[in-house]
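Working through the structure, step by step
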Amino acid sequence: IAHFKAIGRKAWQDFPKALLLACVLDPRFKSLWFLPKQSATEIHDLLRGECDAATNQHKPEVRIRAQKKSKPSFEEIAFRGSQNESIDEVTRYLSELQPSKDKSPYEWWREKQVSYIILPLLAKKYLSIPASNAPSERVFSSAKRIFCEDRNRLSPDLAENLLFLNTNLESVTKMTKKNYFLS
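Let me begin by describing the structure that accompanies this report. What you see as residue numbers is a count from 1 along each chain, following the sequence as written. Reporting in this predicted model follows two pLDDT cut-offs: at least 70 for local features of residues, and 80 or more for side-chain atom pairs to be given and counted; totals over whole chains, interfaces and linings ignore these cut-offs and use all residues. Each side-chain value is worked out from all heavy atoms of the structure, with water and hydrogens disregarded.

Here's the deal with the pattern of salt bridges
In what follows, salt bridge is the name for a side-chain nitrogen of Lys or Arg lying within 4 Å of a carboxyl oxygen of Asp or Glu. In total, this model carries six salt bridges according to the counting rule given. Notably, a salt bridge pairs glutamate 50 with lysine 17, separated by 3.1 Å at the nearest N-O pair. Here glutamate 50 is found in helix 4 (residues 37-57), whereas its partner lysine 17 is found in helix 3 (residues 17-25), with 33 residues between them in sequence. Buried, partly exposed and exposed residues are distinguished by accessible area as a fraction of the type maximum, computed with a 1.4 Å probe on protein chains only: under 20%, between the cut-offs, and over 50%, respectively. On the basis of relative accessibility, which here comes to 11%, the residue glutamate 50 falls in the buried class. Put simply, glutamate 96 and lysine 112 hold a salt bridge, and the shortest N to O gap is 3.1 Å. One end of the pair, glutamate 96, is in the loop between helix 7 (85-95) and helix 8 (105-112); the other, lysine 112, is in helix 8, and 16 residues separate them in sequence. Taking relative accessible area as the criterion, lysine 112 reaches 23% and is therefore assigned partly exposed. Residues joined in a network through salt bridges with shared partners are Lys17, Glu50 and Lys125. In DSSP terms, a helix is any run of H or I states spanning at least four residues, a strand is any run of E spanning at least two, and both are numbered starting from the N terminus.

Laid out in structure tokens, this is it:
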């Protein structure tokens, strides 16, 4: 923790915007306690700007979604009279209690999507970014083994199916607890 706080403001400005937004949209780390206070405030402002941009980009969808919402929460009623809905949405989100560390952010956003209009869309966008490129590198390595000189007449559809099976068969086997390998 001390290491992160010692990094300072300059280092966090060099971080890609998407990673910073992913950090703040994870409700377990939204306070950004591991950053200097000024950097955390700047990232929260970045989220407000992104929320404003998304509101302007999706105005018809936002209105339809706002009309479909079930009964409003106390916070929604309290913030209803304000002029800038997206800033209030971010303020409400940042003031909510932090969930436990073992709760999935996807679960949290699924539960809260009735209370928020824009933030769940942004969470879906930024939290879906993979943490590393290792899985895609594994797929490329598998593709290299499938598309070799000995298989130069392999149809694209068959090659795609082989790659899919190579990548996903183990997961399907674990989920269904059935062994699909020929014995």
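Focus on the nonpolar core
The nonpolar core is taken to be a set of buried Ala, Val, Leu, Ile, Met, Phe, Trp, Tyr and Cys residues, with the residues joined through side-chain atoms within 4.5 Å. In this structure, Leu25, Leu47, Trp109, Leu119 and Leu122 are the most contacted members of the largest nonpolar core, which totals 25 residues. Among residues more than four places away in sequence, those in contact with leucine 122 are Leu25, Leu47, Glu50, Cys51 and Ala54. Whether two residues touch is decided by their heavy atoms; if any such pair falls within 4.5 Å, the residues are in contact.

Topic: the packing of helix 3 against helix 9 (residues 119-127)
Orientation is described by axes fitted as lines to C-alpha atoms, over the contacting stretch for helices, and by angles from 0 to 180 degrees between their N-to-C directions. Look at helix 3 against helix 9: their axes get within 9 Å of each other, and the N-to-C directions meet at 125°. Comparing the axis directions of helix 3 and helix 9 gives the class oblique. Between helix 3 and helix 9 the crossing geometry is left-handed. In this structure, helix 3 uses Lys17, Ala18, Leu21, Ala22 and Leu25 to contact helix 9, whose residues at the interface are Leu119, Leu122, Ala123, Tyr126 and Leu127. Angle categories are assigned with fixed cut-offs, so that under 35 degrees is roughly parallel, over 145 is roughly antiparallel, 65 to 115 is roughly perpendicular, and the rest are oblique. In this scheme the crossing of two helices becomes right-handed for a clockwise turn of the near helix relative to the far one and left-handed for an anticlockwise turn of less than a right angle.

Quick word on the side chain of glutamate 96
N or O atoms within 3.5 Å of each other form a polar contact, as long as, within protein, one can give a hydrogen and the other can take it, and as long as residues adjacent in sequence are counted only when both atoms are side-chain atoms. Within the local environment of glutamate 96, its side chain forms a polar contact with the side chain of lysine 112, the two groups lying 3.1 Å apart. Polar contacts involving the side chain of glutamate 96 include one to the side chain of tyrosine 116, which spans 2.4 Å. Not counting chain neighbours up to four residues away, the residues in contact with glutamate 96 comprise Lys30, Trp108, Lys112 and Tyr116.

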